[in-house]
Every structure is written in structure tokens, then in C-alpha cells.
Amino acid sequence: MNRKYALSVAALVAVGAVVLSACGEKAAPVSTEVTATDEYSVDKERSDVSFFAGTAKANNAAEGTGDWAKGDDGTVNSARAESSRKWVQLKAGKAGALDPVVVNGSGLTLYRFDKDSAAPSKSVCAGDCAKTWPPVTVAKGSKVFVAGVPKSAVGFVTRDDGSTQVTIGGWPVYRFAKDTKAGDTKGQGVGGTWFGVTPTGAKAGTPTTTAPPTTAPSGQKATSVVLFDEPRFSEDGAAEGTAGSGCKNLARPGNASSLSALGSLKLWSEKDCKGKSLVVTGDVPDLAALGFDNLATSVFFG
């Protein structure tokens, strides 16, 4: 397959698949969503937050909102809350020497603070601290896009100012104001208390760091999937999404190298769910490791 194309935005639809070409073709907003429940350790106060498999680009998030929002000075640090809190992306990625580490929709590294607590979740970074380490926050009706980060690891905690902060593995998560571009890790190790956060909430870059989880809660069936041309949900290639029930033929067969789903599904190497098959549960950062790289031609939900 040709891996030279830039990632185009792909959106899920209720029936069939929508694929965007590198030309920047527009697609309808995602319509297949999963509402957060207590099953995933989400606070009852945030039961209105919706989770989506894949990245913000793959889900056709609106430009200038969420992790892409910027303020009058052109930086994310001055973005208005009404725009920046519409959605957040949590993706298992690589930044500098940190691998894996969670990054947001702009590729900025996300961090945890040792002086906070995870059980129960509690943030003690406020005032000037929160200016240097902006907390990752959401609002009513927000969307959370997850790729390589298990939905079960994501939660929320109410801050002292009343805002709602995202947690991973119980740990409140933050950006670092001095990180200005994707791949920056200037906050790693600051004060011996700030560290990049892994998909399970552990400290990135430490001996306890593990590979991104690829599983979802037992018994959960996926109703949608986003398939990426490149491994590790990379946005350097194209992507497509499909959703619904039963067997779905892919619009671009034989291109997938990774996938993001909120549950289990079955991949097939031929149309109409025939040929070689593979059952997967949750996100798969590298289909080559499972012997199914560039083979997916149809998908079975149910």
C-alpha cells in the first residue's frame, strides 16, 4: 500500500463506511457514540460525556475547537474554555524518548503530578501551578476520543474551581505550557514530580511503563471501528470508519495497519465476511503483530 498520503478526516456513519481522500473531502459528523457509564469509573456528574473510538481527525472534529482551539495570541494556552472543552483526544503515542505516552489532538504530551492522588482522584495544582500546567478539562456534552487508551482507564474529577478534569488511571492529567509542538516533552521530570502519563496512568519513561493496552471490557461488542493505514493510529496516512451491525465491507480493503474500537469485532480478509478471520477486542496498535496487516476487507459486528 502507498503510505505517502496525508491523513484525511474519516467519519463514522450509522450504516456503511465513509472514507475521506487526501484531497480533504468533507464527511458527516460521527453518529455512532457510546455514552459514558459508571461501568468505566466515570463520575455520575459526567455521564453526559460521550466516548468515540479513534482520533479527533478520524471523527471529523470541528476545526478550532477542543485540543485544536487557540486564543488571541495564537496559542492553546489562551484558548477560550467554551471552545477548548468541547472535546479532548487521548491517544497512545510517542514523544521524544517517551514511548508509550498519552498525547492530545495536537500531539502535545499529557502529564501527571506526583503530589496529586489517584485513589481517590484529587488535583492539588491550582492558581499559578495551573497556568504552567493547564489541566485537561471537559464540559457538559463534551466528547472524548480514545485510541490506544482503554476507556475503562478514563475518568473525571471535579476541581476546586468547579471545572471537570480528565483522569487516566485515576490520575488527573495536564499539559505543560512550555510544550509548544507535537513531540515536546519539556515537562518530563520537572521538580522530580511531573511525568508523562501512560495509557494506564503510570509514569512514562520509567521501568514500569508498559505497551498500550489493546483490550476492552469483557463481553462488550463494538458497534463501530476506525481503521488506520499506518500502525499506532498514526495520522500520517489515511483512515476510514464503519459502523452498524452484522457484516460490513470496507470501502478501502487491504489497507489497515491499526484500528481503534470500543469492544470486540471480527476482521475478515475477503468481502462479505469470508476468508481468513481475526477476532480483536479493543484497540490494536499494530495489526502486523497479529498477522493481519493490510488484510482487512470486511468487518463483522455482533
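No experiment lies behind these values; they were computed from the predicted model shown.

A. Representation of unusual backbone geometry in the model. In this structure, the amide linkage connecting Asp99 to the following residue, Pro100, adopts the cis form with an omega of 5 degrees. Tracing the backbone shows Pro100 in strand β5 (residues 98-103). Omega for the peptide link from Ala119 to Pro120 comes to 0 degrees, which places this bond in the cis form. Within the secondary structure, Pro120 is located in the loop between β7 (117-118) and β8 (121-122). Within the chain, Asp272 stands out as a residue other than glycine whose phi angle is a positive 60 degrees. Backbone geometry at Asn294 places phi at a positive 55 degrees, although glycine is not the residue there. The topology assignment puts Asn294 in the loop between β20 (274-281) and β21 (298-301). Asn294 sits in the partly exposed class, given a relative accessible area of 23%.

B. A look at the packing of aromatic side chains. By the definition in use, this model includes 11 aromatic pairs. Centroid distance Phe113 to Trp194: 4.1 Å. Interplanar angle 10 degrees. Geometry classified as stacked. On the criterion of sequence distance, the pair formed by Phe113 in strand β6 (residues 111-113) and Trp194 in strand β14 (residues 194-196) is long-range, its members being 81 residues apart. Accessibility classification places Phe113 together with Trp194 in one group, the buried group. Among the aromatic side chains, those forming a connected cluster through ring pairs are Tyr111, Phe113, Trp133, Tyr174, Phe176 and Trp194. When the ring centre of Trp171 is taken as reference, the NZ or CZ atom of Arg112 above it lies at 3.8 Å.

C. Main features of the state of the cysteines. One pass over the full model with this rule turns up two disulfides. Each sulfur of the disulfide joining Cys125 and Cys129 lies 1.9 Å from the other. Here Cys125 and Cys129 share a disulfide; its torsion about the S-S bond, -110 degrees, makes the bridge left-handed. Cys125 gets classed as buried once you look at its relative accessible area, which sits at 1%. Across a sulfur-sulfur distance of 2.2 Å, Cys247 and Cys273 are joined as a disulfide pair. Judged by the sign of its S-S torsion, about 110 degrees, the cystine formed by Cys247 and Cys273 is right-handed. Taken as a pair, Cys247 in strand β17 (residues 246-249) and Cys273 in the loop between β19 (264-270) and β20 lie far apart in primary sequence, 26 residues in all. With relative accessibility at 33%, the residue Cys247 sits in the partly exposed group. A residue is classified by how much of its surface remains accessible, and Cys273, at 13% relative accessible area, is buried. Of note for the protein: the bonded cysteines, numbered N- to C-terminal, pair according to 1-2, 3-4.

Reading the values: rules and limits
- Residues numbered from 1 in each chain as written.
- Predicted model: local features only at pLDDT ≥ 70, side-chain atom pairs only at ≥ 80, totals over all residues.
- Heavy atoms only, no water.
- Helix = DSSP H or I, 4+ residues; strand = E, 2+ residues; numbered from the N terminus.
- Buried < 20%, exposed > 50% of the residue type's maximum accessible area, 1.4 Å probe, protein only.
- Phe/Tyr/Trp six-rings, centres within 6.5 Å; stacked < 30°, edge-to-face > 60°.
- Lys NZ or Arg CZ within 6 Å of the ring centre and 35° of its normal.
- Disulfide = S-S within 2.5 Å.

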